[in-house]
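A closer look at the structure
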Amino acid sequence: MGYILALDQGTTSSRGIVFDGTMRIAAVAQEEFPQHYPASGWVEHDPSDLWATTAATARAAIEKAGLHAADIAAIGITNQRETTLVWDRATGRPIHNAIVWQDRRTADFCAKLREDGHEPMITARTGLLADPYFSATKVKWLLDNVEGARDRARRGELAFGTVDSWLIWNLTGGRHVTDATNAARTMLYDIHKGRWSRTICDLFDIPVEMLPEVLDCAADFGMTRADLFGREIPILGVAGDQQAATIGQACFTPGMLKSTYGTGCFAVLNTGDTPVASTNKLLTTIAYQLDGRPTYALEGSIFIAGAVVQWLRDGLKVIRAAAETQGLAETAETSQDLILVPAFVGLGAPYWNPEARGAVFGMTRNSGPAEFARAALESVGYQTRDLLEAMQADWAREGAQPSLRVDGGMAANDYAMQFLSDIIGAPVDRPEVLETTALGAAWLAGTRAGAWPDMEEFAATWAMERQFTPRMDDAQRAQRYTRWKRAVTAVLSV
């Protein structure tokens, strides 16, 4: 009974992953779903796609593992964060498409919040910046733009949730809950007091009654409906994707640092029981909350990481599969040095400029697919260095982790990871289990169920598959990073 089902609902696909009692993957099922772009800078998902692909991959993973629902001790959920849904409590029907974390439609409203002097209060309570990235202004947009929505919300007829809440609602037949890590990303949650902020809700005219109950990351989130899998299964673990990856990487000690490379890139630094206020536009957030006690973190968010490879595939059509980028990058002309700033939906930390747009510098007549592939992979390394420098400035402590633990799909790319080590001038540690996001959610559920080990024993099982060490000399590193900073300055000044 040590089998745990992890539901990993991401930005471009949903996955069901079954882990066995030794915390190894027994089966994986994955299904992509469409992205919707109704206007420039707008990104939406059909809520039914999120639910249908999650349910389908959950069933498929159990079947591929040769198991039955009775073999699954618990379910853990991890999800794309900040993506915002509002639905009718009576019918369960969404009032609009989900507004995705990448969406920038509320940029003007966020600018007005800053102009009116509200951002310091928001940051003091939530640890976040007044930015379209987070859920709060997306909820306000829905209440402002869907006919009758605000009146229905005031009457208690509507429910707001991030993707975890939406999935739990459907899995359980109507339980309205979330965990502390997802709540901390809404821009509505006071991370110091551990409750929804009425002050901020009033500022956005969002009825508090819309919001879900907030639980620990390892808690009783409800039982699945018996008709879904053949029997009820307890949902015992929930964490937003980046916090789940932090747990899966066993970053339980203050100073430990991980970076996840999915659609975006997210670096998280454990700061222990003390929330650290950033002076470099990083986010102060909750890394995880267990037994009612939050552990805090500094986080830097890059909007475009793996998505730049998708752009090569789907936009430029110069590759057929992401794996091709490594071979292409290795064959690129060394005499060419393209710099790609992938600000397709603005720039995240440490710049936080939603109006910035992408650009390529250094092109020649001979610039082709190989050079673009190399520039795309290197752009992720440059952006990661931006984050790490900001973190070091905010939290310069003796004994801080000297290496960076990496995970996510792009972490499998040797060229990208070697360049990352080169440009940050530090070792990059790739674990044996790259599915650390799902593993983190599974551990939360498994330990709550009593089927998996405690934190200390779990941390001892972390194993490295490969360490990348710097090969680039200091002068070249400095020269290349200076070129990157100039390119970013040019994008920001347009």
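Summarised in this report is the structure supplied together with it.

Reading the values: rules and limits
Residues numbered from 1 in each chain as written. Predicted model: local features only at pLDDT ≥ 70, side-chain atom pairs only at ≥ 80, totals over all residues. Heavy atoms only, no water. Helix = DSSP H or I, 4+ residues; strand = E, 2+ residues; numbered from the N terminus. Rg over C-alpha atoms; globule rule 2.2 N^0.38 Å. Buried < 20%, exposed > 50% of the residue type's maximum accessible area, 1.4 Å probe, protein only. Contact = heavy atoms within 4.5 Å. Core = buried A, V, L, I, M, F, W, Y, C linked by side-chain atoms within 4.5 Å. Phe/Tyr/Trp six-rings, centres within 6.5 Å; stacked < 30°, edge-to-face > 60°. Lys NZ or Arg CZ within 6 Å of the ring centre and 35° of its normal. Pairing = 2+ DSSP bridges. Right-handed = clockwise from strand over helix to strand, strands pointing away. Lys, Arg positive; Asp, Glu negative; His and termini not counted. Salt bridge = Lys/Arg side-chain N within 4 Å of Asp/Glu carboxyl O. Polar contact = N/O pair within 3.5 Å; in protein donor to acceptor, adjacent residues only side chain to side chain. Axes fitted to C-alpha atoms, helices over the stretch in contact; angles between N-to-C directions. Disulfide = S-S within 2.5 Å. Parallel < 35°, antiparallel > 145°, perpendicular 65-115°, else oblique. Left-handed = near helix turned anticlockwise from the far one by under 90°. Nonpolar A, V, L, I, M, F, W, Y, C, P; charged D, E, K, R; others polar.

1. Some remarks on the overall build of the chain
In terms of helices and strands, the chain carries 17 helices and 22 strands. In terms of C-alpha radius of gyration, the chain reaches 22 Å, essentially the compact-globule figure of 23 Å for 494 residues. The principal-axis extents of the C-alpha atoms in the chain amount to approximately 60 × 55 × 45 Å. Evaluated residue by residue, the chain yields a buried proportion of 62% over its 494 residues. For the chain, restricting intrachain contacts to residue pairs at least 6 apart in sequence, the fraction spanning at least 24 positions comes to 72%.

2. Some details on the nonpolar core
Grouped together as the largest cluster of nonpolar side chains are 103 residues, with contacts concentrated most on L188, F204, M210, L211, Y261, V341 and M417. Of the residues forming this core, the biggest block, 11 residues, is contributed by helix α13 (residues 369-394). Once residues within four sequence positions are removed from consideration, L188 is found in contact with T126, A136, W196, S197, I200, C201, F204, I206 and L211.

3. Some remarks on the packing of aromatic side chains
Here the structure, examined in full by the defined rule, presents 17 aromatic pairs. Put simply, the rings of W101, Y133, F134, F266 and F303 pair up and form one aromatic cluster. The ring centre of Y481 lies 3.8 Å from the NZ or CZ of R385, which sits over that ring.

4. Focus: the pairing of strand β20 (residues 404-407)
The two faces of β20 match: L404 and V406 on one face and R405 and D407 on the other face are all buried. Here β20 runs beside strand β21 (residues 428-431); their pairing, made up of 2 bridges, is parallel. When the sheet's bridge partners are listed, L404 is paired in β21 with V428. The parallel pair β20 and β21 is bridged by helix α14 (residues 414-424), and the resulting crossover is right-handed.

5. Overview of unusual backbone geometry
Cis peptide bonds are those with omega within 30 degrees of zero, and the linkage from A349 to P350 qualifies with -5°. Mapped onto the secondary structure, P350 falls in the loop between β18 (339-341) and β19 (359-361). One non-glycine residue, M187, lies in positive phi territory at about 70°. Position of M187 relative to the elements: it lies in the loop between α7 (180-183) and β10 (189-190). Judged by relative accessible area, M187 falls into the buried class, the value being 0%. Of note, D205 is a non-glycine position whose phi angle comes to about 55°, a positive value. As for its placement among the helices and strands, D205 is situated in the loop between α8 (198-204) and β12 (213-215).

6. Quick look at the side chain of D216
The residue D216 is located in the loop between β12 and α9 (226-229) in this model. No salt bridge is formed by the buried D216; the nearest opposite charge belongs to R448, separated by 6.2 Å. A polar side-chain atom of D216 sits 2.8 Å from the main-chain amide nitrogen of G292. With near-sequence residues (within four places) excluded, D216 lies in contact with D179, F221, Q289, L290, D291 and G292.

7. Overview of the sheet that holds strand β13 (residues 235-240)
Strand order across the open sheet formed by 5 strands is β3-β2-β1-β5-β13, with mixed pairing between neighbours. Strand pairing shows two members of the sheet lacking a second neighbour, β3 (25-32) and β13, which therefore form its edges. Direction aside, the axes of adjacent strands within the sheet are offset by 15° on average. Summarising the sheet, strand β1 (residues 3-9) and strand β2 (residues 13-19) pair through 6 bridges and their orientation is antiparallel. Bridge pairing links L5 to V18 in β2. Each of β1, β2, β3 and β5 (72-79) is contacted by helix α1 (residues 47-64), which is oriented at about 150° to β3, the strand it contacts most. Against the sheet, helix α10 (residues 241-248) makes contact with β5 and β13, and its axis sits at roughly 105° relative to β13, the strand it touches most.

8. Section: α10
Every α-helix carries 3.6 residues per turn, so stepping three or four residues along brings you back to the same face. With respect to burial, α10 is a largely interior element, 8 of its 8 residues being buried. Listing the buried residues of α10 in full gives D241, Q242, Q243, A244, A245, T246, I247 and G248. Directly beyond the C-terminal end of α10, a positive phi value near 55° is found at A250.

9. Some details on the side chain of S421
Here S421 lies in helix α14. Reaching out from S421, the side chain makes a polar contact with the backbone oxygen of A426 at a distance of 2.9 Å. When neighbours within four sequence positions are excluded, S421 is seen to be in contact with A426, P427, V428, F468, T469 and P470.

10. Digging into the state of the cysteines
Applying the stated criterion across every chain yields a total of 0 disulfides. Between C251, a cysteine without a disulfide, and C265, which holds the nearest cysteine sulfur, the sulfur-to-sulfur distance is 14 Å.

11. Here we look at the environment of R81
Its place among the elements puts R81 in the loop between β5 and β6 (85-88). For the pair R81 and N182, spaced 101 residues apart in the sequence, the C-alpha separation amounts to 6.4 Å. If we skip the residues at most four places from it in the chain, R81 touches W101, Y133, N182, R185, G240, D241, Q242, Q243, F266 and E299. A polar atom in the side chain of R81 sits 3.3 Å from the side chain of D241. Separated by 2.6 Å, the side chains of R81 and E299 make a polar contact.

12. Points about the packing of helix α11 (residues 306-315) against α13
For the pair α11 and α13, the least separation of the axes is 8 Å and the interaxial angle reads 160°. As judged from the angle between their axes, α11 and α13 are roughly antiparallel. The crossing of α11 and α13 is right-handed. Residue-level inspection shows V308, V309, W311 and L312 of α11 in contact with α13, the latter providing F372, A373, A376, L377 and S379. Of the residues contributing to the contact of α11 with α13, the split by class is 8 nonpolar, 1 polar and no charged.

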